[in-house]
Amino acid sequence: MTLPQPTRASLFVTCIVDQLYPEVGVSVVRVLRRAGVAVDFPDGQTCCGQPLYNSGYVSEARKLAERTLDILSDKEYVVVPSGSCGAMMRVFYLDLFANDPELLARAKDLSQRVYEFTEFLVDVVGYESTPVEPATDDRPERGSAVAYHPSCHLLREMEVTNAPQRLLDAAPGVDRVELPDAEQCCGFGGTFAVKYPHISEEMLADKVAAATSSGADTLTACDMGCLMHIGGAVSRQKLPFQVRHIAQVLDGSAG
């Protein structure tokens, strides 16, 4: 009897996870493996080029994007734990290489193989149940009230609208609560928070107030950029909830 081959996926971990939140990458791999996915990590990956592209440094962004195309050229599925970076690779590479037919064709090919983490689990693997090990001190406990913040690029550019909620609703030990005005931007926006700090601060204040009023003890999202931004306010104000990437919530939900 020949057993079916597991789905294979290549993890594009993103700069912010690699440099600041490696534990998120660990949780991503753990959840994917529990879903029956064979995960590999392509050597040599760096930034997708989004910060440079958004700041107007197009030629520099192209160099990073070309490197990414080379590294991921032979990968069946590319899983990205970030709607922001995923959108850059799926949507904005097409703009970046619009005037270069050869690279545009390669970018289109890659765009069909790039998936955000939750999108991949639900739409490709068909995975929603989350059998996990018992929770530890740094993971949500049974009955955690979790509010979900849909990040802008994930929602509007990648059009991932319900995969994260479906995974949270099926996760044992997680009670998903509604986040008021959930689709409003948190104010991070990458370089937006640097260029327009006062506007960003007001948007952040609204998001933090919404999270506080939700009664959640954990705020989750699919992008560590948003969570880093929100987490800074949570830490400074000593607010009574934590921020966790959705992979960490799924990895630590108590079975």
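Residues numbered from 1 in each chain as written. Predicted model: local features only at pLDDT ≥ 70, side-chain atom pairs only at ≥ 80, totals over all residues. Heavy atoms only, no water.

Draft legend 1. Structural context of the pattern of salt bridges. This model, assessed by the stated rule, comprises 10 salt bridges. Residues arginine 34 and aspartate 251 are paired through a salt bridge, measuring 2.7 Å at the closest nitrogen-oxygen approach. In this pair, arginine 34 sits in helix 2 (residues 22-34) while aspartate 251 sits in helix 13 (residues 246-252), placing the two residues 217 residues apart along the sequence. Residue class for aspartate 251 comes out buried when judged on its relative accessible area of 3%. For aspartate 109, the salt bridge identified is with arginine 113, shortest N-O distance 2.9 Å. Residue classification places arginine 113 among the buried residues on the basis of a relative accessible area of 12%. A cluster of three or more residues bridged by salt bridges with shared partners is formed by Arg30, Arg34 and Asp251. (Salt bridge = Lys/Arg side-chain N within 4 Å of Asp/Glu carboxyl O. Helix = DSSP H or I, 4+ residues; strand = E, 2+ residues; numbered from the N terminus. Buried < 20%, exposed > 50% of the residue type's maximum accessible area, 1.4 Å probe, protein only.)

Draft legend 2. Local environment of the environment of proline 197. By secondary structure assignment, the location of proline 197 is in helix 11 (residues 197-214). Measuring from C-alpha to C-alpha, the distance between proline 197 and glycine 187 comes to 8.8 Å, with 10 residues separating the pair along the chain.

Draft legend 3. Just the packing of helix 5 (residues 83-96) against helix 6 (residues 101-111), in detail. At a minimum axis separation of 8 Å, helix 5 and helix 6 run at an interaxial angle of 160 degrees. Comparing the axis directions of helix 5 and helix 6 gives the class roughly antiparallel. Helix 5 and helix 6 meet at a crossing whose hand is left-handed. Contact residues: helix 5 offers Met89, Arg90, Tyr93 and Leu94, while helix 6 offers Leu104, Ala107, Lys108, Leu110 and Ser111. Looking at side-chain class alone, the contact of helix 5 with helix 6 contains 6 nonpolar, 1 polar and 2 charged residues. (Axes fitted to C-alpha atoms, helices over the stretch in contact; angles between N-to-C directions. Parallel < 35°, antiparallel > 145°, perpendicular 65-115°, else oblique. Left-handed = near helix turned anticlockwise from the far one by under 90°. Contact = heavy atoms within 4.5 Å. Nonpolar A, V, L, I, M, F, W, Y, C, P; charged D, E, K, R; others polar.)

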